[in-house]
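Residue strings, one per chain:
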Amino acid sequence: MRKYLLIAVSAFGLGAGSMAYVSQQARATPESHAETYHMLELFGNVLDTVERQYVTPVDDKKLIEAALDGMLTSLDPHSNYLPPDAFGEMQDQTRGEYGGLGLEITSEDGVVKVISPIDDTPASRAGIKPGDFITAVNGQTVLGLSVNDAVKEMRGKVGETVTLTIAREKTDPFDVKLVREIIQPKNVTYKAEGDFGYVRLAGFNEKTTEETKAAIDELRKKNPHMKGLVLDLRRNPGGLLDQAVGVSDLFLDGGEIVSQRGRDPHDIERYNASPGPKLAGLPVVVLVDSGTASAAEIVAGALQDRHRAAIVGLTSFGKGSVQTVIPLRGGLDGAVKLTTARYYTPSGRSIQRTGITPDLEVAETREEAQQVANEAFQFSEASFHNALGSEDGKTREGPHAPAEAPPPTFDEKTGDFQLTRALDVLKFGSVQATPKLPKPAATLAEAAVLRGVRGAPAKDAPPIGTDKPH
């Protein structure tokens with residue numbers, strides 16, 4: 001049985017998350033479910049009423065598919081119904097080549113939101129950002145549509161232009177014109193950074209482990225004395241579980257990488273690294289941010305818990321659930337994507353809603369530092385009102401000034417501050433030995449006002465970052 005990891009309720013572009021394909025099996029029950037049968041009869045009555053009395057003719061198939069999707073999405077943000085065409089496209093995506101715009105999207109309360117654009121695709125080149133809202137496609141509103149329906153509006157022939165209307169916090173709505181193309185995501189890119197290597201993973205498809213190993217081998221071939229490696233997982237929405245395990249295995253000498261646990265507390269499945277030293281103990285720093293999700297969080301969590309890498313950046317997305325994709329009639333009727341388990345890092349922690357907390361918290365830009373300080377602009381798993389809760393009651397850290405942000409002298413247009421600090425950690429040998437920069441002076445009036453709205457007078461709200469441990 002193949003295992004996958006998926007971050008979005010539905011993906012337009014590369015899928016990301018925790019997912020397993022299984023065959024459909026009939027499960028008869030001797031118990032009488034009178035209330036269930038009554039509600040099914042009610043559904044039939046409502047459908048019949050709509051067919052006979054709605055103001056215009058209706059398509060029964062579309063109505064039933066919408067009902068199926070609504071039932072599943074009411075459970076949590078990542079469960080949904082995949083019609084046959086969507087199921088086929090999802091399978092194409094995991095193979096690493098498909099047509100589209102290169103967007104990972106989700107929907108909550110009828111609002112389409114961008115989880116992440118995929119590297120080097122029309123969406124990323126157009127400057128679409130995680131957390132952006134898509135309000136219209138070619139001038140037609142998508143508000144109120146399910147993810148599947150919104151995706152259908154964005155689909156079209158390769159080479160055709162599609163116009164997305166984008167709503168972004170603190171910005172007037174604007175249009176972005178994109179040209180659909182065959183998406184062949186470059187999941188792995190690499191380069192030398194002085195004495196160190198840099199490998200970026202944009203997602204986890206069927207080739208990611210193989211390409212990551214090849215990238216590291218090529219870097220070491222060019223520089224046999226390479227002193228360390230930065231593994232960049234920022235804006236990585238996830239992908240296939242076996243590839244997350246495979247990439248983690250490139251760095252770990254045996255031991256657990258991740259486990260998943262279903263409804264039955266005894267139903268535990270563990271994934272372990274193969275024994276043997278890897279990369280001769282080469283120091284590693286992993287870069288993460290709020291767009292690092294699911295399969296990418298598995299890698300970051302495994303390397304952090306096993307003390308194999310330092311984590312630099314911002315707290316990750318916080319998707320710690322596993323979805324099982326169950327084909328219906330062999331896929332002829334599509335598939336059900338259902339949340340069936342949580343996954344846990346090697347130390348036994350669930351990162352559901354809370355995410356992976358970096359060892360050195362660093363904002364990429366001064367604007368991003370302000371966003372972290374203002375709860376209204378944070379987008380994560382905890383943003384979904386019906387997301388699975390954290391089993392241990394832990395909550396994601398609220399508004400605060402990040403420990404570090406680019407100083408005024410740093411050129412954000414030409415430099416990558418998080419990468420700069422990751423390289424500093426490699427140079428100094430550890431996060432603890434790396435000289436810390438002054439805490440950013442954030443303008444936190446908006447966050448203070450938000451706290452005032454919640455009941456505390458804004459004038460009494462202390463500036464975020466004051467007397468706040470990290």
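Our structure is the block above this text.
Treat the numbers as computed from the prediction; the structure is a model and nothing was measured. (Residues numbered from 1 in each chain as written. Predicted model: local features only at pLDDT ≥ 70, side-chain atom pairs only at ≥ 80, totals over all residues. Heavy atoms only, no water.)

A. Region of interest: the overall build of the protein chain. Helix and strand counts for the protein chain stand at 11 helices and 21 strands. When burial is assessed residue by residue, the protein chain has 50% of its 470 residues classed as buried. (Helix = DSSP H or I, 4+ residues; strand = E, 2+ residues; numbered from the N terminus. Buried < 20%, exposed > 50% of the residue type's maximum accessible area, 1.4 Å probe, protein only.)

B. Representation of the environment of Lys152 within the structure. Relative to the assigned elements, Lys152 resides in helix α5 (residues 147-154). Counting along the chain gives 66 residues from Lys152 to Ala86, while the straight-line C-alpha distance between them is 9.1 Å.

C. Region of the structure containing the sheet that holds strand β13 (residues 196-201). The strand order β12-β13-β14-β17-β18-β21 describes an open sheet built from 6 strands, whose pairing is mixed. Edge positions in the open sheet fall to β12 (188-193) and β21 (360-361), since each of these has one partner strand only. As judged from the 5 bridges shared by β13 and strand β14 (residues 228-232), these two strands associate in the parallel manner. By the bridge assignment for β14, Phe196 is matched with Gly228. (Pairing = 2+ DSSP bridges.)

D. Examining the side chain of Arg342 more closely. Inspection of the secondary structure puts Arg342 in strand β20 (residues 335-344). In this structure Arg342 comes out as buried when scored by relative accessible area, which is 17%. A polar atom in the side chain of Arg342 sits 2.8 Å from the backbone oxygen of Gly389. Arg342 has contacts with Ser259, Gln260, Arg261, Gly320, Ser321, Val322, Ser350, Leu388, Gly389 and Glu391, leaving out every residue within four places of it along the chain. (Polar contact = N/O pair within 3.5 Å; in protein donor to acceptor, adjacent residues only side chain to side chain. Contact = heavy atoms within 4.5 Å.)

E. A look at the environment of Arg366. Topologically, Arg366 is positioned in helix α9 (residues 366-373). The class for Arg366 is partly exposed, based on a relative accessible area of 36%. C-alpha separation for the pair Arg366 and Pro408, spaced 42 residues apart in sequence, amounts to 8.5 Å. In this view, Arg366 contacts Pro406, Pro407, Pro408, Phe410 and Glu412; residues no more than four positions away in its chain are not counted. At 2.7 Å, the side chain of Arg366 forms a polar contact with the backbone oxygen of Pro407.

F. Summary view of the nonpolar core. One finds Val199, Leu231, Leu233, Phe251 and Val286 to be the most contacted residues of the largest nonpolar core, which totals 41 residues. Mapped onto this core, the elements with two or more residues apiece are β13, α6 (208-222), β14, α7 (241-249), β15 (256-261), β17 (284-288), α8 (295-305) and β20. When sequence neighbours within four positions are dropped, the list of residues in contact with Val199 reads Val188, Thr189, Tyr190, Thr212, Ala215, Ile216, Leu219, Leu229, Val230, Leu231 and Asp232. By size, the runner-up hydrophobic cluster in this structure holds 19 residues, among which are Val114, Val142, Ile166 and Val176. (Core = buried A, V, L, I, M, F, W, Y, C linked by side-chain atoms within 4.5 Å.)

G. The arrangement of a nonpolar patch on the surface in detail. A cluster of nonpolar side chains, namely Phe43, Leu63, Ile64, Leu68 and Met71, defines an oily patch on the protein surface of about 400 Å² accessible area. It is helix α2 (residues 60-73) that provides the largest number of residues to the nonpolar patch, a total of 4 residues. Inspection of the secondary structure assignment puts Phe43 in helix α1 (residues 34-53). What makes Phe43 partly exposed here is its relative accessible area of 37%. (Patch = residues over 30% accessible without salt bridge, like charges linked within 9 Å, V, L, I, M, F, W, Y side chains within 5 Å. Areas by Shrake-Rupley, 256 points an atom, 1.4 Å probe, with all protein chains shown as cover. Salt bridge = Lys/Arg side-chain N within 4 Å of Asp/Glu carboxyl O.)

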